[in-house]
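Spelled out from the first residue to the last, the chains are:
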Amino acid sequence: MNARHGLPRLRPRGLGHEGRVRGAVLELVQGDITDQETDAIVNAANARLAGGGGVDGAIHRAGGPRIMEECRRLGGCPTGEARITTGGELKARHVIHAVGPVYRGGASGEEHLLASAYRNSLRLAAEHGLESVAFPSLSTGAYGYPVQDAAEVALQAIVEFLENERHGLELVRFVLFDRRTMEAFEEAFERVLPRH
Ligand code: AR6
């Protein structure tokens with residue numbers, strides 16, 4: 001049991017879908033992100049920070065109205081960027097609202113914007129001195145980004161951040177809602193992690 005971050009370990013450290021990038025653990029689990037006890041959970045938000053369906057709806061329902069009150073004061077967030085609020089009634093103390101791109105065929109800067117959304121989320125976490133962050137798979141639900149491609153972009157962006165930027169992160173966890181998304185991330189993990 002990884003008591004500090006609230007989930008049983010699925011496999012012994014160093015095996016399976018858990019890796020280390022310069023001292024930080026990067027892992028994949030299947031589950032509901034609203035249950036996470038990481039310092040922050042990341043929301044797949046829209047540019048108005050207006051709430052919605054999918055993981056956004058689940059986070060606001062579970063976290064209560066204080067999160068939306070702070071979102072209103074922030075006045076939106078451009079695609080590819082991220083903003084931080086309280087976690088309200090969630091176990092996580094913070095929510096990082098990341099805005100991934102709507103997928104429009106792949107030639108509209110989607111890859112760059114998706115990588116930016118992950119990178120800017122981790123920057124915010126680092127600036128706030130957070131040690132653990134849980135991500136959903138940004139843009140692969142309502143925003144239509146093909147999950148096999150998105151998983152590779154996501155993992156690559158996170159590995160590059162952990163390798164190259166200053167941070168105190170100890171754990172970056174992907175919490176993937178369904179089996180299909182989990183499998184896409186597992187396959188991307190095998191491609192991206194051995195390169196590092
Ligand atoms: N925990 C983890 N992952 C989840 C959860 C959950 N509780 N619920 C859904 N997912 P989506 P997007 C997965 O549509 O594509 C909203 O209306 C889901 O299965 O939530 O970035 C916003 O307001 C999928 O794999 O986000 C925006 O308008 C992944 O989360 C828009 O949708 C992302 O799906 C954002 O679309």
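Whatever comes next refers back to the structure up there.
Residues numbered from 1 in each chain as written. Predicted model: local features only at pLDDT ≥ 70, side-chain atom pairs only at ≥ 80, totals over all residues. Heavy atoms only, no water.

(A) How the structure looks around unusual backbone geometry. In this model, arginine 22 sits at a positive phi of 45°, which is unusual for a non-glycine residue. Mapped onto the elements, arginine 22 comes out in the loop between β1 (18–21) and β2 (24–30). For arginine 22, a relative accessible area of 61% puts it in the exposed group. One non-glycine residue with positive phi stands out, namely serine 139, at about 70°. Structurally, serine 139 is set in the loop between β6 (132–135) and α4 (147–164). We classify serine 139 as buried; its relative accessible area is 6%. (Helix = DSSP H or I, 4+ residues; strand = E, 2+ residues; numbered from the N terminus. Buried < 20%, exposed > 50% of the residue type's maximum accessible area, 1.4 Å probe, protein only.)

(B) How the structure looks around the pattern of salt bridges. Under the definition given, this model contains seven salt bridges. In this structure, arginine 83 and glutamate 81 form a salt bridge, with 3.3 Å as the shortest nitrogen-oxygen distance. With a relative accessible area of 24%, arginine 83 lands in the partly exposed category. For arginine 179, the salt bridge identified is with glutamate 183, shortest N-O distance 3.0 Å. Of the two residues, arginine 179 and glutamate 183 are both situated in helix α5 (residues 179–192); the distance of four residues between them amounts to about one turn of the helix. With a relative accessible area of 42%, arginine 179 lands in the partly exposed category. (Salt bridge = Lys/Arg side-chain N within 4 Å of Asp/Glu carboxyl O.)

(C) Just the state of the cysteines, in detail. Applying the stated rule across the entire model yields zero disulfides. With no disulfide partner, cysteine 71 has as its closest neighbouring cysteine sulfur the one in cysteine 77, 9.5 Å distant. Since its relative accessible area comes to 1%, cysteine 71 is described here as buried. (Disulfide = S-S within 2.5 Å.)

(D) View of the pairing of strand β7 (residues 171–176). With respect to burial, β7 is a largely interior element, six of its six residues being buried. Burial of β7 is two-sided: the residues Leu171, Arg173 and Val175 facing one way and the residues Val172, Phe174 and Leu176 facing the other way are all buried. Sheet topology note: the β2/β7 ladder contains six bridges and is parallel. Residue pairing for β7: valine 25 is matched across the bridge by leucine 171. Pairing of β6 with β7 involves four bridges; the strand directions are parallel. The partner of serine 132 across the bridge, within β7, is leucine 171. Handedness of the β6-α4-β7 crossover: right-handed. (Pairing = 2+ DSSP bridges. Right-handed = clockwise from strand over helix to strand, strands pointing away.)

(E) Representation of the site of the ligand within the structure. Taken together, 23 residues lie near the ligand, and Asn46, Asp56, Ser139, Gly141 and Ala142 sit nearest. Valine 55 places a main-chain nitrogen or oxygen 2.8 Å from an oxygen atom of the ligand. Interatomic distance of 2.8 Å between a backbone N/O atom of glycine 141 and an oxygen atom of the ligand. Calculation on the ligand without its partners gives an accessible area of 700 Å², and the protein chains cover 89% of this total. Looking at side-chain class alone, the shell around the ligand contains nine nonpolar, eleven polar and three charged residues. (Near = heavy atom within 4 Å. Polar contact = N/O pair within 3.5 Å; in protein donor to acceptor, adjacent residues only side chain to side chain. Areas by Shrake-Rupley, 256 points an atom, 1.4 Å probe, with all protein chains shown as cover. Nonpolar A, V, L, I, M, F, W, Y, C, P; charged D, E, K, R; others polar.)

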